[in-house]
Every structure is written in C-alpha cells, then in structure tokens.
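Each chain, written out:
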Number of protein chains: 2
Amino acid sequence: MQQQNDLYPSRINDKDDIIWRTDPVLHPSDIHPAEHLTEDLLQHYQEKGYMLIPDLFNEKEVIAFISELERMKQDSAILNSPQAITEMSSGDLRSVFQIHCNHPAFSPLFSKTARDSRITDVVRLILGGDIYIHQSRLNFKPGFRGKEFYWHSDFETWHVEDGMPAMGALSCSILLTDNNAHNGALMLIPGSHREYISCTGETPDNHYLSSLKKQEYGVPSDQSLSYLASKYGIDCAEAKAGSVLFFDCNVMHGSNSNITPCPRSNLFFAYNQINNRVGDPFCGKTPRPEYLCSRQTMTPI
Amino acid sequence: MQQQNDLYPSRINDKDDIIWRTDPVLHPSDIHPAEHLTEDLLQHYQEKGYMLIPDLFNEKEVIAFISELERMKQDSAILNSPQAITEMSSGDLRSVFQIHCNHPAFSPLFSKTARDSRITDVVRLILGGDIYIHQSRLNFKPGFRGKEFYWHSDFETWHVEDGMPAMGALSCSILLTDNNAHNGALMLIPGSHREYISCTGETPDNHYLSSLKKQEYGVPSDQSLSYLASKYGIDCAEAKAGSVLFFDCNVMHGSNSNITPCPRSNLFFAYNQINNRVGDPFCGKTPRPEYLCSRQTMTPI
C-alpha cells in the first residue's frame with residue numbers, strides 16, 4: 001500500500017529503478033559556517049555526498065568515549081535489551097541503539113555528544129535550520145571476526161520503513177578507533193546521493209528484527225551497484241580516531257569484513273530536519289520501534 | 001605422531017608457540033638477478049617477506065589470462081572435479097587447483113605461464129637453485145559476495161599436512177584484476193616470515209575437504225596475530241592487473257571480504273626447492289591429494 005505524495009517509492013517493483021533526487025543537498029540557510037568548516041569541505045559534501053573533518057574530538061575525549069563504550073559492553077541490562085544487536089553467526093555485539101535518550105542503553109556522555117555544537121552547528125548549516133535526532137547508535141566491528149555491512153542508502157530505509165518524507169537528513173559518524181581500508185572503514189560511492197535506487201521486493205512484517213543483522217530488502221541489485229560504482233568510483237573513509245564523517249542520507253555506503261586485530265568502532269547520530277518529521281511508513285507496515293526511529297521525541301535540539 | 005627432525009612442530013600443543021626461523025629467506029645462489037629485479041626489491045623481500053613487481057605481464061597477456069579464466073569457469077568437467085573449490089555459503093567458485101598439469105583443470109596457457117622465465121628466474125634466484133611446482137591454482141574473489149580468507153602461513157600447512165621439511169618455498173601471485181584494499185587485496189604482516197607460529201589442535205583426517213573453504217586448524221590464535229600485527233604492522237598488496245606478488249612461504253597473510261562490484265582474481269603458483277621435496281606429512285595423517293601437493297612430479301622445471 002502506497003501513501004500519497006511518495007516522492008521516492010521503493011520495494012514496489014520487480015526490478016530496480018533510478019529516481020533522480022529533487023531535494024537539495026546543502027539546504028538554504030543563513031547560518032554562518034563554524035570555524036572548522038571550510039568552503040572546500042562544504043563543496044566536497046555537496047558534490048560527493050560526504051565530508052571528513054579530521055581531529056574534531058581530541059585524544060582525551062576519544063579515551064573517555066572508549067571507556068564509556070567498554071562500560072556499555074559489560075552492562076547486562078544493555079546486552080539483554082532490544083537496543084543491542086548481535087552478529088548473526090558469532091553472537092558478538094554489533095550495535096547498540098538509542099544511546100542518546102532515557103532507555104536501557106542511555107549514556108549521559110553520548111547524549112551530551114549528540115548535542116555537541118562542533119557537530120550540531122555543522123548539521124544545522126547543511127540541513128538549513130532546526131534539527132532533531134532521528135536515530136543514534138554505537139557501532140562495533142570487532143577485530144578478527146568483524147562482518148561486512150552491505151551497500152545501502154539510509155534514506156531508502158528511513159523513507160520506506162519510517163515514513164521520512166524527503167532527503168532532509170544526514171548522518172554523523174565519530175570515529176572511536178583509527179579507521180583504514182584494512183579494518184573495514186566505511187566505503188562510499190561519491191556522488192551517488194544524487195540518485196535514489198528504488199529497490200525490488202516488498203517489506204516483510206517486522207523487517208528490522210533481521211535487517212539489522214543482514215538486510216535482504218532495500219538492497220540495491222548487482223546491476224544498480226555496478227552502475228553507480230563505475231560512474232562514480234568508490235571512496236574509503238580512512239581517518240584517525242576523533243575524526244568525524246558527515247554523510248548525506250542518500251549516499252550509497254557499506255563496509256567490508258575485518259580480519260585484522262584492530263576493531264573499528266564508531267558513534268553514529270542521524271539528524272533530521274524539524275520540518276521533515278517522520279509520518280506513517282510508506283510501506284504501509286507497523287512503524288519500527290522508538291529505538292530505531294524517534295517518534296515520541298521530535299523536538300529541536 | 002611426530003616425525004623425527006621436525007624443525008617446525010605445530011598442532012601438537014594446547015597453546016600457540018613461536019619458533020624462530022632458522023632457514024634463510026634469500027637462499028645462497030650464484031644466479032644473476034633478472035633485469036626487472038633490483039637490489040631494493042630483493043632487500044624488501046628479505047626484510048618484509050614479500051615483494052611486488054608492477055606490470056610484469058602486459059595488458060594483452062592479462063586479457064588472454066582473463067579469457068582463459070572465463071573459459072574454465074564454464075567448463076563443467078572442471079566445475080565437477082575435486083580441483084574446483086566453492087564458497088561454503090553461496091556455492092560460488094572460489095579456487096581451481098592444479099591448473100599447471102595434465103588433470104581436469106589443466107590449462108596449456110597457465111602451465112606455460114608457470115614456467116615463464118620472468119617468474120622462474122626470480123624464484124630460482126631467491127630459492128638458490130632448481131625448483132619444482134608444489135601447487136598451482138586460480139583464485140576468485142567475486143564482486144559483491146567475495147568472502148574473507150583468514151590469516152595463515154602457507155608453510156604451516158605445507159609442513160604439517162604435506163611434509164615439506166624446511167622453509168625453502170615461495171608463492172607467486174599474478175594479479176588478473178586490479179587489486180586494492182577495497183576489493184580484498186592480500187594483506188601481509190611484513191617481517192612475520194621470521195617467526196613461525198606453532199598452532200594449537202590436532203589435524204583431523206581429510207582436513208583439506210573443509211580447510212579450503214574455512215580453515216579451523218593451523219589457524220593462529222588472536223593473541224599470536226595481535227602480537228605479530230602490533231610488532232610489524234599490516235601491508236596491503238595493492239597493484240594493477242599484470243603485477244606479480246612474490247611472497248615467502250612463512251609470511252602471515254589473509255584477505256578481507258569483497259562487497260565491491262570489482263572481482264579480485266589471481267593466478268597462484270607455489271614453488272619449492274628440489275632439495276626440499278615433501279616427505280610424509282608431519283601430522284602423521286594420509287597425504288593430501290596430488291592436486292594440492294605435487295608428489296608424483298617433483299622434477300625441476
């Protein structure tokens with residue numbers, strides 16, 4: 001069942017389709033750029049759909065993040081909560097959701113970080129005004145046995161399964177360990193944010209219960225991915241711990257496995273424009289739980 | 001059951017151990033270096049346990065290799081032979097063994113390439129004299145769904161399961177596609193060839209039937225790998241198609257998965273010194289089949 005005014009229909013056809021983006025990437029704004037945000041960086045974001053700001057958080061702050069992460073990994077209330085997602089094969093912790101608000105996985109430190117002006121000033125500038133937190137999570141890719149995360153556009157899921165109307169959102173990933181191509185750093189297809197891949201299939205009930213371990217719907221076909229990668233190439237977000245990656249909600253991204261001894265962890269916040277609040281899911285199914293998509297709290301931060 | 005004179009025992013204890021290499025890396029030789037082999041390259045090989053020679057084969061030759069590879073992928077006699085190894089989960093072709101001699105997977109082109117003087121002159125110089133082909137194979141890491149190949153020392157398996165007495169062998173990998181960190185290029189721990197990790201466990205009967213898909217014995221512990229990687233770092237063998245990687249039989253290596261659309265394929269030949277011929281396996285089990293370890297033909301090439 002399709003909602004009216006669905007600008008980006010997906011999972012309704014039996015083959016992939018490309019829908020050209022109509023929403024801006026840099027949204028009109030009279031906000032002045034923060035000190036650490038150069039014109040070059042903003043232009044890179046506009047053209048490639050992402051930008052990497054090195055060393056936005058210092059070494060002391062990263063140490064505090066890691067120590068908070070270690071605490072959370074040992075908190076059985078968190079491990080047994082629905083907010084904790086484990087690897088399908090090994091049972092290792094893969095993600096903890098909803099770290100920013102008052103739920104089992106709540107972390108005062110990470111909640112404060114989600115509101116840190118070094119991040120939110122940049123987000124407000126790009127999204128052109130007031131924002132709220134759509135989703136937050138801690139991602140682990142353990143050493144030796146870290147599994148791949150297949151190619152996807154965040155917006156495709158947020159649109160179809162959460163009812164986010166337009167491309168007025170972005171993600172921000174704070175690197176907690178050095179990320180390099182060896183240990184499964186995020187790969188992005190630069191420029192792919194301008195094209196929306198309408199995927200095949202129909203969303204099953206409670207898709208999120210399996211999709212967070214291995215996504216099977218909302219996955220672009222081999223043909224679509226070959227098209228994007230040969231047109232735009234593949235970039236790898238290699239950077240030191242403390243650096244921050246900002247990426248558009250529709251840029252195609254994924255990561256390979258990690259057999260190196262070096263874990264890859266990051267802190268992930270997704271922000272949405274206040275005037276782009278989520279409605280009924282476009283797939284017509286029951287909305288995903290609050291820890292995957294804020295509905296109860298969509299007030300500006 | 002241990003053979004006498006086992007310089008490198010493995011899979012006999014319940015924890016990993018390090019045995020320092022006693023064999024040379026560059027074996028004494030009065031052979032003159034080939035034109036494409038510089039002193040710098042040889043020194044790199046000596047210190048790091050590997051060297052990469054760019055563009056040893058030209059574009060036309062690579063095209064011929066790829067076309068031969070495509071032919072073999074469609075040959076049902078090959079696909080149904082024991083020489084063909086498929087991925088455990090997807091059933092996709094992962095390797096074809098014994099491409100150099102008269103068996104189902106035989107390829108006149110690859111057999112000739114195994115004897116190409118651009119390769120064999122280098123191998124004879126490093127190994128210090130006459131050589132024979134211990135093993136040959138074609139490796140595929142398909143795009144989108146190519147799986148990781150976990151860390152291992154080739155020599156550990158060749159010693160324990162094939163009865164190769166000493167470290168008098170090396171491998172040569174001819175890149176058939178561009179290899180980069182994105183698409184699962186080989187990672188090597190530079191310098192690790194000087195330390196032999198004696199692994200835990202006992203070799204099961206017919207271990208090769210599963211080990212070629214997923215190795216469970218002869219696998220270094222997390223602790224040993226952390227030790228090596230923090231001591232030596234990790235290098236990634238990134239190079240264009242037509243380049244050739246030569247690596248010592250005891251250098252620790254492995255590769256991550258490949259979700260990019262770009263397959264990673266290579267042609268792999270392992271050479272052994274004539275005076276280092278294999279004997280009874282040091283694990284006391286039945287020898288592996290001829291397509292994994294030459295026994296019937298150990299004559300100089």
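Note: the structure precedes this text.
These remarks concern the structure in this document.

Conventions adopted
- Residues numbered from 1 in each chain as written.
- Chains lettered and ligands numbered in written order.
- Predicted model: local features only at pLDDT ≥ 70, side-chain atom pairs only at ≥ 80, totals over all residues.
- Heavy atoms only, no water.
- Helix = DSSP H or I, 4+ residues; strand = E, 2+ residues; numbered from the N terminus.
- Rg over C-alpha atoms; globule rule 2.2 N^0.38 Å.
- Buried < 20%, exposed > 50% of the residue type's maximum accessible area, 1.4 Å probe, protein only.
- Contact = heavy atoms within 4.5 Å.
- Areas by Shrake-Rupley, 256 points an atom, 1.4 Å probe, with all protein chains shown as cover.
- Buried area = accessible area lost by both parts, 1.4 Å probe.
- Salt bridge = Lys/Arg side-chain N within 4 Å of Asp/Glu carboxyl O.
- Least-squares fit on C-alpha atoms with pLDDT ≥ 70 in both.
- Expected span 1.5 Å × (residues − 1).
- Arc of directions from axis to C-beta.
- Polar contact = N/O pair within 3.5 Å; in protein donor to acceptor, adjacent residues only side chain to side chain.
- Pairing = 2+ DSSP bridges.
- Axes fitted to C-alpha atoms, helices over the stretch in contact; angles between N-to-C directions.

## Structural notes on the overall build of chain A
Item 1. Looking only at helices and strands, chain A has eight helices and 13 strands in total.
Item 2. For 301 residues, the compact-globule formula gives about 19 Å, and the C-alpha radius of gyration of chain A, at 18 Å, lands near that figure.
Item 3. With the C-alpha coordinates aligned to their principal axes, the bounding extent of chain A is approximately 50 × 45 × 40 Å.
Item 4. Looking at chain A as a whole, 59% of its 301 residues qualify as buried.
Item 5. Counting contacts in chain A only where the partners sit at least 6 residues apart, residues at least 24 apart contribute 84% of the total.
Item 6. Total accessible area on chain A is roughly 12400 Å²; 50% of this is exposed by carbon and sulfur atoms.

## Re the environment of A:Gly191
Residues and elements named next belong to chain A.
Item 1. By the secondary structure assignment, Gly191 is in the loop between strand E8 (187–188) and strand E9 (195–198).
Item 2. Under the relative-accessibility criterion, Gly191 is labelled buried at 1%.
Item 3. Distance in space between the C-alpha atoms of Gly191 and His44 is 9.9 Å, their sequence separation being 147 residues.
Item 4. Leaving out residues up to four positions away in the same chain, Gly191 has contacts with Glu47, Lys48 and Tyr232.

## As for unusual backbone geometry
Residue and element names in this part refer to chain B.
Item 1. With phi around 55°, Asp55 is a residue other than glycine that occupies positive phi space.
Item 2. Looking at the element boundaries, Asp55 is found in the loop between strand E2 (50–53) and helix H2 (59–73).
Item 3. For Asp55, a relative accessible area of 55% translates into the label exposed.
Item 4. Its identity is not glycine, yet Gln98 carries a phi of approximately 60°, on the positive side.
Item 5. As for its placement among the helices and strands, Gln98 is situated in the loop between strand E4 (93–97) and helix H4 (108–114).

## So, the interface of chain A and chain B
Item 1. On the side of chain B, 25 residues touch chain A, which itself brings 25 residues to the contact.
Item 2. Carbon and sulfur atoms make up 58% of the area that chain A and chain B hide from each other, which totals about 2100 Å².
Item 3. Three residues, A:Phe144, A:His182 and A:Ile259, lead the burial of chain A against chain B; their summed loss comes to 31% of the area buried on that side.
Item 4. For the pair chain A and chain B, the number of links is four salt bridges.

## Some remarks on the relation of the copies chain A and chain B
Item 1. By a simple turn and slide, chain A fits onto chain B: the slide is 0.0 Å along the axis, the RMSD is 0.0 Å, and the turn is 180°. The symmetry that links the two subunits is that of a two-fold axis.
Item 2. Both copies share a contact surface, since 100% of the interface residues of chain A are interface residues in chain B too.

## Here we look at H2(B)
Residues and elements named next belong to chain B.
Item 1. Given a rise of 1.5 Å per residue, 15 residues ought to cover 21 Å, and the 21 Å separating the end C-alpha atoms of H2 matches this to within 8%.
Item 2. Restricting attention to buried positions, one finds in H2 the residues Val62, Phe65, Glu68, Leu69 and Met72. Projected down its long axis, H2 shows its buried positions confined to an angular sector of 120°, all on one face. Those residues of H2 that are exposed and angled more than 90 degrees off the buried face are Glu59, Lys60 and Ile63.
Item 3. Taking the backbone nitrogen of Lys60 as reference, a side-chain oxygen 3.1 Å away marks Asn58 as the first, capping residue of H2.

## As for the sheet that holds strand E5 (residues 131–141) of chain B
All names here are of chain B.
Item 1. Strand order in the open sheet formed by seven strands is E2-E11-E7-E13-E5-E4-E3, with antiparallel pairing between adjacent strands. Two strands bound the open sheet, and with one partner strand each, they are E2 and strand E3 (84–86). Along the sheet, successive strands turn relative to each other by an average axial angle of 20°, direction set aside.
Item 2. Against the sheet, helix H1 (residues 39–48) engages E2, strand E7 (169–175) and strand E11 (244–248), with an angle of about 145° to E2.

## Topic: the side chain of A:Ser192
Item 1. By the secondary structure assignment, A:Ser192 is in the loop between E8 and E9.
Item 2. When residues no more than four places from it in sequence are discounted, the contact partners of A:Ser192 are A:Leu228, A:Tyr232, A:Asn250, A:Val251 and A:Met252.

## Concerning the pairing of strand E13 (residues 264–273) of chain B
Across a regular strand the side chains alternate sides, sitting on one face of the sheet and then on the other.
Residues and elements named next belong to chain B.
Item 1. Of all 10 residues that make up E13, 10 are buried, and the element is covered over most of its length.
Item 2. The two faces of E13 match: Arg264, Asn266, Phe268, Ala270 and Asn272 on one face and Ser265, Leu267, Phe269, Tyr271 and Gln273 on the other face are all buried.
Item 3. Bridge count between E5 and E13: 10 bridges; the pairing is antiparallel. From the neighbouring strand, Lys141 faces E13, where its bridge partner is Arg264.
Item 4. Pairing of E7 with E13, which is carried by seven bridges, proceeds in the antiparallel orientation. Following the sheet pairing, Cys172 is matched in E13 by Phe269.

## Some points on helix H1 (residues 39–48) of chain A
In an α-helix, one turn spans 3.6 residues; hence positions three or four apart end up facing the same way.
All names here are of chain A.
Item 1. Turning to H1, its buried residues are Leu41, Leu42 and Tyr45. Taken around the axis of H1, the buried residues stretch over an arc of 100°, which confines them to a single face. Away from its buried face, by an angle of more than 90 degrees, H1 presents the exposed residues Glu39 and Asp40.
Item 2. The inward-facing, buried residues of H1 abut strand E2 (50–53), helix H5 (117–127), strand E7 (169–175) and strand E11 (244–248).
Item 3. Where H1 ends, the next residue or the one after it, Gly49, has phi of about 90°, a positive value.

## Re the pattern of salt bridges
Item 1. Counting across every chain of the model gives 28 salt bridges over all chains.
Item 2. Residues A:Arg145 and B:Asp222 are paired through a salt bridge, measuring 2.5 Å at the closest nitrogen-oxygen approach. Placement of A:Arg145 in the loop between strand E5 (131–141) and strand E6 (149–152) and of B:Asp222 in helix H8 (residues 222–232) is noted, with the two residues assigned to different chains.
Item 3. For A:Arg145, a relative accessible area of 38% corresponds to the partly exposed category.
Item 4. Where B:Asp75 meets B:Arg71, a salt bridge forms, and the shortest distance between an N and an O atom there is 3.7 Å.

## What about the sheet that holds strand E10 (residues 235–236) of chain B?
Residue and element names in this part refer to chain B.
Item 1. With antiparallel pairing, four strands are arranged side by side in an open sheet as E6-E12-E8-E10. Each end of this open sheet is capped by a strand with a single partner; those strands are strand E6 (149–152) and E10.
Item 2. Here strand E8 (residues 187–188) pairs with E10 via two bridges, running antiparallel. The residue of E10 that forms the bridge with Met187 is Cys236.

## Thoughts on the environment of B:His103
All names here are of chain B.
Item 1. Mapped onto the elements of the fold, His103 is located in the loop between E4 and H4.
Item 2. Once the C-alpha coordinates of His103 and Ser210 are considered, the two residues, 107 residues apart in sequence, prove to be 22 Å apart.
Item 3. His103 has contacts with Gln83 and Gln98, leaving out every residue within four places of it along the chain.

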